[in-house]
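The lines below spell out each chain.
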Amino acid sequence: MQEIKNNIIAISRDISDICIKKGKAPDSITIIAVTKTVDTDRINYAIKCGIRNIGENKVQEIMAKYEKIEENVNWHLIGHLQTNKVKYIIDKVALIHSVDSIGLAEEISKRAEKAGLVKDVLVQVNVAQEETKFGIEYDDTDSFVERLSGFSGIRVKGLMTIAPYYDDAELARPVFRQLKEKFDMLAAAGIPNVNMKYLSMGMTNDYKVAIEEGSNMVRIGTGIFGARNYDL
Ligand SMILES: *Cc1c(COP(=O)(O)O)cnc(C)c1O
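The structure reproduced in this document is the subject of the present report. (Residues numbered from 1 in each chain as written. Predicted model: local features only at pLDDT ≥ 70, side-chain atom pairs only at ≥ 80, totals over all residues. Heavy atoms only, no water.)

### Some points on the overall build of the protein
Each helix and strand counted, the protein has 9 helices and 9 strands in total. By the compact-globule yardstick of 17 Å for 232 residues, the protein fits well, its C-alpha radius of gyration being 17 Å. Along the first, second and third principal axes, the C-alpha set of the protein runs to 45 × 40 × 35 Å. If you sum the accessible surface of the protein, you get close to 11,000 Å²; carbon and sulfur atoms cover 46% of it. The protein carries 31 positive and 33 negative side-chain charges, and their two centres are separated by 5 Å. (Helix = DSSP H or I, 4+ residues; strand = E, 2+ residues; numbered from the N terminus. Rg over C-alpha atoms; globule rule 2.2 N^0.38 Å. Areas by Shrake-Rupley, 256 points an atom, 1.4 Å probe, with all protein chains shown as cover. Lys, Arg positive; Asp, Glu negative; His and termini not counted. Charge placed at Lys NZ, Arg CZ, Asp CG, Glu CD.)

### Some words on the packing of helix 1 (residues 2–22) against helix 2 (residues 40–48)
Helix 2 packs onto helix 1 with a crossing angle of 45° between their chain directions and a minimal axis gap of 10 Å. It follows from the interaxial angle that helix 1 and helix 2 lie oblique. The crossing of helix 1 and helix 2 is right-handed. Within the contact between the two elements, helix 1 uses Gln2, Ile4, Lys5 and Ile8 and helix 2 uses Arg42, Tyr45 and Ala46. When the residues that make up the contact of helix 1 with helix 2 are grouped by side-chain class, the tally is 4 nonpolar, 1 polar and 2 charged. (Axes fitted to C-alpha atoms, helices over the stretch in contact; angles between N-to-C directions. Parallel < 35°, antiparallel > 145°, perpendicular 65-115°, else oblique. Left-handed = near helix turned anticlockwise from the far one by under 90°. Contact = heavy atoms within 4.5 Å. Nonpolar A, V, L, I, M, F, W, Y, C, P; charged D, E, K, R; others polar.)

### Looking at the nonpolar core
If you look at the biggest cluster of nonpolar residues, it comprises 68 residues, and the most contacted ones within it are Ile108, Leu148, Leu159 and Ile224. Tallying contributions element by element places helix 1 first for this core, with 6 residues. Among all residues touching Leu148, those that are not within four sequence positions of it are Val99, Ile102, Ala105, Val123, Ile154, Val156 and Asn193. Among the nonpolar cores identified, the runner-up in size contains 7 residues, and Leu122, Ile162, Tyr198 and Met217 belong to it. (Core = buried A, V, L, I, M, F, W, Y, C linked by side-chain atoms within 4.5 Å. Buried < 20%, exposed > 50% of the residue type's maximum accessible area, 1.4 Å probe, protein only.)

Here you go:
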């Protein structure tokens, strides 16, 4: 358990260092502790150590853990979301990072309206065009975001990407830079119902590079909880 605390302290310090170098406020970066496959005792311990945002990639895991987790945290759905599972998490998650189809956006909007909510979402972009990854194509981002602006039960809050895994995180830098460019362009476009606030990019292996390139939301699993076996 102590190791979780040390990891959180070390990561926070690294983030502060980068922010100071870049002239940004350290608290402008949101750390999402990715808790997939982590048991609820360990998650609650991380929360005690200051974690306020937790990310899961599976609806079933959110359902299984939801009641056992301290209440003062924001849940993030960071993995692929099937349309037929939206109804289970609509009132549980603060932010859905993985909107990548109009059908999914439509379902989220419908369920949110039914629950009297407006759901914050990010658009997942497959910047590197990896076949194994979800997300819309980079060149479709503008038209996709514009279509989403028409759904009254959702509010687009930014973009998300998963960079390809490289041993040398420097190689992911162009991917992050490209998405930041799109993010800034869309922010400047002033599309109604679209508020480009969060740029969710960077994981254990590459979060430092991602922050240097403008990420303000990093999703860190292994770096906090140690190595685990899982599929993305
Ligand atoms: C698992 C996962 C992460 C965290 O990965 P680590 O390398 O363990 O930090 C981040 N984002 C998504 C979408 C994930 O599924």
